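Here is what each chain is made of, one letter per residue.
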Amino acid sequence: MADGSAVTILEYFTEDDGYKCGYCKGTSSNYSNGMWAHAMSVQDYQDLIDRGWRRSGMYVYKPTMNRTCCPQYTIRCHILDFKLSKSSKKILKKMTRFLSKGEVVKGSDVEPMDSHSEDAGIGHQPVACTSEFNTDIEKPFKIVSLEELESTEIQEKPQPDAASDKGEPGSKNPSVEADVSTEPFKSVPKPGRGADPTKPPCRKAKDIRREIKLKKLLQKQQQRGVADVSQHQEPSCANPHTVLLGHHVPQANRPKSLEEFIFESLTPDAVHQLEVRLVRSSPPNSQFKATFQESYQIYKRYQMAIHKDPPDKATEHQYTRFLCQSPLQAENPPDGPVSGYGSFHQQYWLDGKIIAVGVIDILPRCISSVYLYYDPDFAFLSLGVYSALREVAFTTQLQKTVPSVCYYYMGFYIHSCPKMKYKGQYHPSDLLCPETYAWVPIEKCRTKLDQSKYSRLNEDPNAEDENRLRDLGKVLVLYRNTVMPYSIYQRRKKRASDEEAVRQYASLVGQTCAERMLLYRN
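Described below are features of the structure shown in this document. (Residues numbered from 1 in each chain as written. Predicted model: local features only at pLDDT ≥ 70, side-chain atom pairs only at ≥ 80, totals over all residues. Heavy atoms only, no water.)

**Some words on the nonpolar core**
Nonpolar side chains in soluble globular proteins generally cluster together in the buried interior. Tyr373 and Tyr505 are the most contacted members of the largest nonpolar core, which totals 111 residues. Looking at which element gives the most residues to this core, the answer is helix H11 (residues 383-399), with 9 residues. Membership of the second largest hydrophobic core comes to 8 residues, among which are Ile9, Phe141, Leu476 and Leu518. (Core = buried A, V, L, I, M, F, W, Y, C linked by side-chain atoms within 4.5 Å. Buried < 20%, exposed > 50% of the residue type's maximum accessible area, 1.4 Å probe, protein only. Helix = DSSP H or I, 4+ residues; strand = E, 2+ residues; numbered from the N terminus.)

**Here we look at the sheet that holds strand E6 (residues 142-143)**
In space, the 8 strands of this open sheet follow the order E3-E4-E2-E1-E18-E16-E17-E6, with mixed pairing throughout. Of all strands in the sheet, those bounded by a partner on one side alone are strand E3 (54-56) and E6. Across 5 bridges, strand E2 (residues 32-39) lies against strand E4 (residues 59-63) in antiparallel orientation. Along E4, the bridge assignment pairs Met35 with Val60. Of the strands in this sheet, strand E1 (9-13), E2, E4 and strand E18 (518-521) touch helix H14 (residues 499-509), which is tilted by about 115° from E1. (Pairing = 2+ DSSP bridges. Contact = heavy atoms within 4.5 Å. Axes fitted to C-alpha atoms, helices over the stretch in contact; angles between N-to-C directions.)

**Overview of the packing of aromatic side chains**
For the structure on display, the rule yields 18 aromatic pairs. Taken together, Phe288, Phe292, Tyr296, Tyr299, Tyr319 and Tyr373 form an aromatic cluster joined through their ring pairs. Directly above the aromatic system of Tyr407 lies the positively charged group of Arg76, at a separation of 3.8 Å from the ring centroid. For Arg277, the ring lying beneath its charged end belongs to Trp349, and the centroid distance is 4.1 Å. (Phe/Tyr/Trp six-rings, centres within 6.5 Å; stacked < 30°, edge-to-face > 60°. Lys NZ or Arg CZ within 6 Å of the ring centre and 35° of its normal.)

**Considerations on the sheet that holds strand E15 (residues 439-441)**
Reading across from one edge, E9-E10-E11-E12-E13-E5-E14-E15 is the order of the 8 strands in this open sheet, with mixed pairing throughout. A strand with exactly one partner marks an edge of an open sheet, and here the two such strands are strand E9 (274-282) and E15. Recorded for the sheet is a direction-independent mean angle of 35° between the axes of neighbouring strands. Alignment of strand E14 (residues 429-432) against E15, held across 3 bridges, turns out to be antiparallel.

**Describing unusual backbone geometry**
Following Ser282, the chain continues to Pro283 via a peptide bond in cis, the omega torsion being -10°. Locating Pro283 in the fold gives a position in the loop between E9 and helix H8 (286-290). Each neighbour pair has its own omega, and for His427 with Pro428 the value is -10°, a cis peptide bond. Mapped onto the elements, Pro428 comes out in the loop between strand E13 (407-413) and E14. The backbone of Arg480 sits at a positive phi, close to 55°, despite the residue not being glycine. Checked against the element boundaries, Arg480 lands in the loop between strand E16 (476-479) and strand E17 (482-485). Residue classification places Arg480 among the partly exposed positions, given a relative accessible area of 49%.

**Let's talk about the pattern of salt bridges**
Scanning all chains against the criterion turns up 18 salt bridges. Here Arg301 makes a salt bridge to Asp375, at a shortest N to O gap of 2.9 Å. Of the two residues, Arg301 sits in helix H9 (residues 292-306) while Asp375 sits in the loop between strand E12 (366-374) and H11, which places them 74 residues apart along the sequence. The exposure class assigned to Arg301 is partly exposed, which follows from its relative accessible area of 37%. For Glu464, the salt bridge goes to Arg468, with nearest N and O atoms at 3.3 Å. According to the relative accessible area criterion, Arg468 is partly exposed, its value standing at 33%. (Salt bridge = Lys/Arg side-chain N within 4 Å of Asp/Glu carboxyl O.)

**Looking at the packing of helix H2 (residues 86-101) against H11**
For the pair H2 and H11, interaxial distance at closest approach is 10 Å and the crossing angle is 100°. Judged on the interaxial angle alone, H11 and H2 are roughly perpendicular. Each of Ser88, Ile91, Leu92 and Met95 in H2 lies in contact with H11, whose residues at this interface are Leu383, Val385, Tyr386 and Leu389. Each residue belonging to the contact of H2 with H11 can be placed in one class, and the counts come to 7 nonpolar, 1 polar and no charged. (Parallel < 35°, antiparallel > 145°, perpendicular 65-115°, else oblique. Nonpolar A, V, L, I, M, F, W, Y, C, P; charged D, E, K, R; others polar.)

**Some remarks on the environment of Gln325**
Checked against the element boundaries, Gln325 lands in the loop between helix H10 (316-324) and strand E10 (342-350). Separated by 43 residues in sequence, Gln325 and Ser282 have C-alpha atoms that sit 6.3 Å apart. Residue contacts for Gln325: discarding those within four places in its chain leaves Arg55, Gly57, Met58 and Thr320.

This is the structure:
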């Protein structure tokens with residue numbers, strides 16, 4: 001975009017054939033709706049995952065919950081009230097013993113799932129994008145506004161066919177020129193019709209006061225000599241995104257916190273040195289490019305050893321498409337995290353070598369876990385659970401400077417799949433109601449899910465989806481490099497027969513996103 005604001009451009013797929021389920025292994029019992037995201041703002045993706053969507057590379061999908069064989073409920077964890085379980089403490093202590101003394105315990109504590117986010121790559125079939133989309137999102141779009149439609153009579157002649165729509169060479173179409181603004185696309189929707197995606201989200205006064213209080217506390221800590229420390233490597237030009245952890249002095253009669261468990265394992269005199277580095281994967285920064293091959297080789301070994309993939313399946317192209325490409329645009333607002341928002345890899349370096357990589361998205365209200373892969377030689381460290389705990393700690397640290405980031409999203413919880421139920425062990429957690437899109441504490445959901453694998457989780461029988469589709473005409477579309485409401489698109493393209501598909505799309509993404517994102521039409 002010309003003004004630097006992020007824009008979301010999507011293609012929606014109406015195909016709804018069943019396909020093989022990666023969980024129960026049903027041959028054609030898994031159903032979902034999908035979109036190909038050519039570009040996406042972090043705010044739009046935040047709002048989409050709060051309606052049950054999830055991305056796999058550039059493909060964004062939403063399980064058809066009341067039809068699919070293994071319903072997948074979005075799950076999130078409250079990091080401000082996070083409580084360590086006994087099993088999590090056991091894994092943290094095991095890592096501490098390994099790092100400090102070199103102690104290796106194999107053959108015990110097998111994880112319920114080798115990765116805490118395996119649902120990112122299985123259980124659905126991404127649809128390949130075969131359209132001839134070639135719009136440059138860096139260039140301004142033409143705009144036809146809904147206000148123009150309401151205040152003036154659109155004077156257009158019927159378009160008899162595609163050839164006449166183009167006009168004679170060298171001629172102009174006055175009807176189009178009269179309606180189309182050539183100013184850069186700056187704000188969609190117009191003021192009073194939704195959130196302005198070019199501006200930071202509104203913040204409550206209490207959140208601002210809390211942030212100021214936290215900054216003062218940090219300043220007092222620094223004055224006392226208790227400064228934030230990195231994992232034995234200070235941030236520098238060579239390594240600006242080393243993940244920081246606060247050094248907290250344990251207090252009497254208080255349970256040890258997650259950060260304290262992690263910090264005690266990172267001593268200078270330890271046998272092994274562990275460091276977690278955050279590198280931007282899309283667009284890839286220099287650190288990501290420099291370590292690409294090393295990361296890919298670990299992924300290939302992981303897929304072959306854990307998922308029994310043949311060598312020719314875990315290709316470099318497949319790895320790039322699945323875990324490196326992302327539609328999320330890098331955004332760096334002044335009140336955002338130092339790293340900015342977008343897609344990243346968290347690299348776990350042990351004694352100077354990468355042993356695991358966590359793929360995450362940093363969004364306005366959460367850290368969203370995408371995938372985790374590791375060197376199979378280090379499976380005895382329970383890296384799936386350990387990395388999830390490190391991501392919770394990272395979210396907690398990020399929340400101190402960006403108060404709105406207060407949740408850790410773990411992907412999907414599948415109650416009917418034993419190997420995916422373990423996500424419910426992270427407390428406190430909520431599940432997303434598939435009908436009202438309200439968050440419900442998982443403790444209130446288990447009884448219902450024991451009785452039926454699909455359930456309306458919201459206990460209020462009168463509750464509705466507050467962001468349901470109300471006005472199809474206001475859905476924004478991108479047609480011939482021009483942004484316009486669907487109502488104008490229908491007038492311009494007289495023989496448009498896609499109303500059912502557009503209605504389905506808008507119902508699934510909600511009215512707010514439908515008025516802000518651009519649905520590509522050809």
